[in-house]
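As a plain string of letters, each chain reads:
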Amino acid sequence: MTAPHPLVARARSLADDLLAPHAEQVDQGEVPASHLAEIRRSGLLGLNAPKEYGGAAAPGAVLRETTEILAGACCSTWFVQAQHHTPVLTLARNEGPARERLLGPLATGELLSGVAYAHLRAYPRVPVRVTRERAGRRFDGAVPWYTGWGLNDLLLLAGVTDTGEVVFAFTEAREQPGLRASAPMRLAALTAARTVSLELDGLWLPEEAVALRTPHERWSAADRLKTANANPAVFGVTEAALTLLDENTAAPLRTRLTEVRTQAYALADGSAPHERLTDRLALRTQASEVMRAATTAAVVSGGGRSMLLTNKAQRLAREALFLMVQAQTRESRSSHLDALTG
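Computed from a predicted structure; not experimentally measured.

(A) Focus on the overall build of the protein. Across its full length, the protein carries 13 helices and eight strands. Taking the principal axes of its C-alpha atoms as reference, the protein extends roughly 65 × 40 × 40 Å. Put simply, the protein shows about 15,400 Å² of open surface, and 54% of that area lies on carbon and sulfur atoms. Here the protein holds 37 positive side-chain charges and 36 negative ones, and the gap between their average locations is 2 Å.

Here's what the structure looks like:
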């Protein structure tokens, strides 16, 4: 048997020894800084970072497997650290002014970053507008969702200019002139991840904070391709739910899970990102439906005990609801609704 990749082994150790044993407690509170400190030390934050900056440059299969492991153990902790990989990739793939200053600290886990860009999917509505001001950029508007407030060191903020250019720039994840956060939201799932909304009123960032400038059309096309794929976190939560079932109940669901996961990953590895989008969306939907069936079965199997907020089955079912809409686009929403009503 081939030994697992070192980062997969570290993720498994963290999941078994730290994340899973405390997941219900975290769900009712917030992700502890101590959890994130262990993830920083593990090297997992540099999964997709270049080796010359201290990262692992791990293959996609390793990123998928570690995502499954962490999400299945504690979805809230997984989601906070998951935000970090987008800033790392943004810097790794672009030559923006912020690259040399920040890519190394982000790759090694010295800095932990969140992201504030999902509102770009509302275009042509522009929740966050960017203008030039004093050899830098001014951000005005409102960010509906920002995860990891009070836990992250940095945030990668995106807005759109009057000419339709998307600008991504880094700033410290703290209140400052022009940046104010709401109280953490109480959500049906993942409240522990400390999600807030951000009010931007003349937040000024210097040009060296900019990580990426690109036409919105180009960014949106890439985003649609990325979000068409099944999310490995869905498979992780499904696996966790199956452990709560007896073998007779779990077996057919495990077969469905294996089939969907095998097809989804083969498509991700074997086709160009722009190819077979309809198939990708269909598999994303099928993955969500297997997760919904498995987590519902876990609740049914647990009976009345499943209604306790400290119950694992009930937590997984709520996390499944979250994953159904996380990174949702018009295309993925339509695909899922068609499947549900067809």
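So much for the structure itself; the text now carries on.
(B) How the structure looks around helix H3 (residues 33-42). Those residues of H3 lying buried are His-35, Leu-36, Ile-39 and Ser-42. One side of H3 carries all its buried residues, which in axial view fall inside an arc of 115 degrees. Set apart from the buried face of H3 by more than 90 degrees, the exposed residues are Ala-33 and Arg-41. Packed against the buried residues of H3 are helix H1 (6-19), helix H2 (23-27) and helix H5 (75-82). Positive backbone phi, approximately 90 degrees, marks Gly-43, located one or two places after H3.

(C) Focus on the nonpolar core. With 63 residues, the main nonpolar core has Leu-44, Trp-78, Phe-235 and Leu-323 as its most contacted residues. With eight residues, the top contributor of residues to this core is helix H11 (residues 277-302).

(D) Highlighting the state of the cysteines. Within the structure shown, the criterion is met by zero disulfides. Cys-74 takes part in no disulfide bond, and the closest cysteine sulfur to it belongs to Cys-75, at a distance of 7.8 Å.

(E) Examining unusual backbone geometry more closely. Residue Pro-124 is bonded to the preceding Tyr-123 through a cis peptide linkage, with omega at 20 degrees. Phi is positive for Ala-57, close to 45 degrees, though the residue is something other than glycine. The topology assignment puts Ala-57 in the loop between H3 and helix H4 (60-73). Here Ala-57 falls in the partly exposed class, since its relative accessible area comes to 41%. With phi around 55 degrees, Arg-194 is a residue other than glycine that occupies positive phi space.

(F) Seen up close, the side chain of His-85. Tracing the backbone shows His-85 in helix H6 (residues 85-93). Only 3.1 Å separates the side chain of His-85 from the side chain of Gln-81, close enough to count as a polar contact. Aside from chain neighbours lying at most four places away, what touches His-85 is Leu-44, Leu-45, Leu-47 and Asn-48.

(G) Inspection of the pattern of salt bridges at higher detail. This model, assessed by the stated rule, comprises 25 salt bridges. The salt bridge partner of Asp-153 is Arg-40, with a shortest N-O separation of 3.0 Å. With Asp-153 in the loop between strand E3 (136-147) and strand E4 (154-160) and Arg-40 in helix H3, the pair connects residues that are 113 residues apart, well separated along the chain. Given a relative accessible area of 28%, Asp-153 falls into the partly exposed group. The closest approach of N and O atoms between Arg-138 and Asp-140, which form a salt bridge, is 2.6 Å. Judged by relative accessible area, which is 25%, Arg-138 ranks as partly exposed. A relative accessible area of 22% means that Asp-140 is categorised as partly exposed.

(H) Geometry of the packing of helix H9 (residues 232-242) against helix H12 (residues 312-325). Viewed as axis vectors pointing N to C, H9 and H12 meet at an angle of 160 degrees, and their least axial separation amounts to 10 Å. The pairing of H9 with H12 is recorded here as roughly antiparallel in orientation. The handedness of the crossing between H9 and H12 comes out as left-handed. On H12, the residues touching Ala-233, Val-234, Val-237, Ala-240 and Ala-241 of H9 are Lys-312, Leu-316, Glu-319 and Leu-323. In terms of residue class, the contact of H9 with H12 is built from seven nonpolar, no polar and two charged.

What counts as what
Residues numbered from 1 in each chain as written. Predicted model: local features only at pLDDT ≥ 70, side-chain atom pairs only at ≥ 80, totals over all residues. Heavy atoms only, no water. Helix = DSSP H or I, 4+ residues; strand = E, 2+ residues; numbered from the N terminus. Areas by Shrake-Rupley, 256 points an atom, 1.4 Å probe, with all protein chains shown as cover. Lys, Arg positive; Asp, Glu negative; His and termini not counted. Charge placed at Lys NZ, Arg CZ, Asp CG, Glu CD. Buried < 20%, exposed > 50% of the residue type's maximum accessible area, 1.4 Å probe, protein only. Arc of directions from axis to C-beta. Contact = heavy atoms within 4.5 Å. Core = buried A, V, L, I, M, F, W, Y, C linked by side-chain atoms within 4.5 Å. Disulfide = S-S within 2.5 Å. Polar contact = N/O pair within 3.5 Å; in protein donor to acceptor, adjacent residues only side chain to side chain. Salt bridge = Lys/Arg side-chain N within 4 Å of Asp/Glu carboxyl O. Axes fitted to C-alpha atoms, helices over the stretch in contact; angles between N-to-C directions. Parallel < 35°, antiparallel > 145°, perpendicular 65-115°, else oblique. Left-handed = near helix turned anticlockwise from the far one by under 90°. Nonpolar A, V, L, I, M, F, W, Y, C, P; charged D, E, K, R; others polar.

Spatial relationships are all this shows, so hold off on functional conclusions.
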